[in-house]
Amino acid sequence: MPLTFPVKISTTEMHTAGEPLRIVESGLPELQGATLLDKINYMRDNLDEYRKLLMWEPRGHFDMYGVLLVTPDIESCDFACIFIHNEGYSTMCGHAVIALGRYAIEKGLIKTITSPETQVNIQCPCGPVTAYVTYDGQKTGAVRFQSVPCFVFKPDLAVEVPGYGHITVDIVYGGAFYAIVPAGQYGLDIRESKVSELRAAAGATTDILRKQLELSHPETEGVSFVYGTILTDGNDDYSEEITDTMCVFAEREVDRSPCGSGTSSRIALQYFKSKVKVNQSRTFRGPSGDVFTAKVVKEVNCGKYRAVVTEVKGQGYFCGNSTFTLEENDVTGRGFLLQ
């Protein structure tokens, strides 16, 4: 379905630990569908030009990220999310959940406001996620969220990555499926190597896994694909030291933050490898230099898998508001990408 003219889209701009979040507030046609998955599929099939318009240049960039808020089909949730990026649609986004916790209260989306925290129930494509927003009676602050069940799908998987040779990865689900691997296996340093080198190594790993690895989630539809590769400093033993991480997701998009669902996946992996215990908190640093803290809250089951609920904490910030338009004869303005 082509764009409907005149085009005029209003957004609020936020970021969490440097990772952008463009919150679409008005200007898109109504999304059809009874469930959140139906709405995502409808947008993908009929309105994907709007995603490109908002995520791609000249309004966005290769590493842009956004979200649309829609009516939930889970009764206990306050709203539902459609996450969008350079390639398509996400199943989970923790940095967005952290930002949206503040946004929901500041924009009046939550009826019951309490101090010192307000609970916000968000339907993500991977399932319901509960956020707790710090609120002192006047101002919102840091946000912590508890994940859907996270589990290790396949530990210590050997894969031959073109251009890099033999690499061993862990496949972990934290709302999305990730490969987790120390950057040192590629001869790279998570803090010192160029972003382009890290992006290339992670992207090559994701590409080969998407071709070779068959994934399945025991309970949730529409999540069984390799979303990205998380490079780490290999510092997985419990300590109070910061551990560095870089998530490269979708079409080689680099997360500036430590990545919320990626952090859930990393702390879950550390737990199942007996590196951390329940309620032992660790600090994760992303490419921007900003941090999230995370811990395992409890052990649960997810189908046949031992799983955990994790808690990730960070803070989102408001950056401004935008109104985007498109002239009907502007072909380039419909969106393009430079990597």
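Definitions and limits used
- Residues numbered from 1 in each chain as written.
- Predicted model: local features only at pLDDT ≥ 70, side-chain atom pairs only at ≥ 80, totals over all residues.
- Heavy atoms only, no water.
- Helix = DSSP H or I, 4+ residues; strand = E, 2+ residues; numbered from the N terminus.
- Rg over C-alpha atoms; globule rule 2.2 N^0.38 Å.
- Buried < 20%, exposed > 50% of the residue type's maximum accessible area, 1.4 Å probe, protein only.
- Contact = heavy atoms within 4.5 Å.
- Areas by Shrake-Rupley, 256 points an atom, 1.4 Å probe, with all protein chains shown as cover.
- Lys, Arg positive; Asp, Glu negative; His and termini not counted.
- Charge placed at Lys NZ, Arg CZ, Asp CG, Glu CD.
- Expected span 1.5 Å × (residues − 1).
- Bend = angle between axes of the 7 residues up to and from the residue.
- Salt bridge = Lys/Arg side-chain N within 4 Å of Asp/Glu carboxyl O.
- Core = buried A, V, L, I, M, F, W, Y, C linked by side-chain atoms within 4.5 Å.
- Phe/Tyr/Trp six-rings, centres within 6.5 Å; stacked < 30°, edge-to-face > 60°.
- Lys NZ or Arg CZ within 6 Å of the ring centre and 35° of its normal.
- Pairing = 2+ DSSP bridges.

Asker: Before we move on, could you go through the overall build of the protein and cite the residues and values that matter?
Answerer: Assigned secondary structure in the protein consists of 5 helices and 18 strands. Its C-alpha atoms give the protein a radius of gyration of 19 Å, within 12% of the compact-globule value 20 Å for 339 residues. Summarising its shape, the C-alpha atoms of the protein cover approximately 55 × 50 × 35 Å along the three principal directions. Within the span of the protein, comprising 339 residues, buried residues form 55% of the whole. Put simply, of all contacts in the protein between residues at least 6 apart along the chain, 63% involve residues at least 24 apart. In the form shown here, the protein has an accessible surface area of approximately 14,100 Å², with 45% of it arising from carbon and sulfur atoms. Charge-centre separation for the protein: the mean point of 32 positive side chains lies 2 Å from the mean point of 42 negative side chains.

Asker: So what about helix α3 (residues 94–106)? Which residues, and what values?
Answerer: With 13 residues, α3 should cover 18 Å at 1.5 Å per step; its first-to-last C-alpha distance of 19 Å lies within 8% of that length. Helix geometry: α3 is bent most strongly at Leu100, by close to 25°. Burial within α3 is extensive, with 12 of its 13 residues counted as buried. Gly94, His95, Ala96, Val97, Ile98, Ala99, Leu100, Gly101, Arg102, Tyr103, Ala104 and Ile105 are the residues of α3 that are buried.

Asker: Please provide a residue-by-residue account of helix α5 (residues 260–272), values included.
Answerer: Between its first and last C-alpha, α5 extends 19 Å over 13 residues, near the 18 Å set by a 1.5 Å rise per residue. With 12 of 13 residues buried, α5 is to be regarded as a mostly interior element. Buried residues of α5: Gly260, Ser261, Gly262, Thr263, Ser264, Ser265, Arg266, Ile267, Ala268, Leu269, Gln270 and Tyr271, and no others.

Asker: Tell me about the pattern of salt bridges, and name the residues and values.
Answerer: Summed over the entire model, instances satisfying the criterion amount to 16 salt bridges. With a shortest N-O distance of 4.0 Å, Glu106 and Arg102 are connected by a salt bridge. With Glu106 and Arg102 both in helix α3 and 4 residues apart, the pair spans about one turn of that helix. Relative accessible area serves as the criterion here: at 7%, Arg102 is assigned to the buried category. The salt bridge partner of Arg252 is Asp207, with a shortest N-O separation of 2.7 Å. Here Arg252 is found in the loop between β13 (242–249) and β14 (253–254), whereas its partner Asp207 is found in helix α4 (residues 195–212), with 45 residues between them in sequence. A relative accessible area of 22% places Arg252 in the partly exposed class. Where salt bridges share partners, they join Asp63, Arg199 and Arg256 into one cluster.

Asker: Account for the nonpolar core, naming residues and giving values.
Answerer: Counting 86 residues, the largest nonpolar core has Leu21, Leu100, Val120, Ile122, Val169, Ile171 and Leu209 as the members making the most contacts within it. At 8 residues, α3 tops the list of elements feeding residues into this core. Ignoring sequence-local partners within four residues, the contact set of Leu21 consists of Thr12, Glu13, Met14, His15, Tyr65, Gly66, Val67, His95, Ala96, Ala99 and Leu100. Listed in part, the 24 residues of the second largest apolar core include Leu3, Leu28, Met43 and Tyr89.

Asker: Account for unusual backbone geometry, with residues named and values stated.
Answerer: Omega for the peptide link from Glu57 to Pro58 comes to 10°, which places this bond in the cis form. Within the secondary structure, Pro58 sits in the loop between α2 (48–55) and β3 (66–70). Residue Ser115 is joined to Pro116 through a cis peptide bond whose omega torsion reads 10°. Topologically, Pro116 is positioned in the loop between α3 and β6 (117–124).

Asker: Give a description of the packing of aromatic side chains that names residues and reports values.
Answerer: The description of an aromatic ring pair uses the distance of the two centres, along with the angle that the planes make with each other. Counted by the stated rule, this structure contains 13 aromatic pairs. Centroid distance Tyr173 to Phe177: 4.8 Å. Interplanar angle 55°. Geometry classified as tilted. Each of the two residues, Tyr173 as well as Phe177, counts as buried. An aromatic cluster of three or more residues is present, and its members are Tyr65, Phe83, Tyr178, Phe225, Tyr227 and Phe249. It is Arg144 that lies over the ring of Tyr132; its NZ or CZ is 4.3 Å from the centre.

Asker: Can you break down the pairing of β6 residue by residue, with the values?
Answerer: Counting buried positions along β6 gives 6 out of 8 residues, so the element sits mostly inside the fold. Relative to β6, strand β4 (residues 79–84) runs parallel, the two being bridged by 2 bridges. Note that in β6 the partner of Phe79 across the bridge is Ile122. Looking at chain direction, β6 and strand β7 (residues 127–135) are connected through 8 bridges and run antiparallel.

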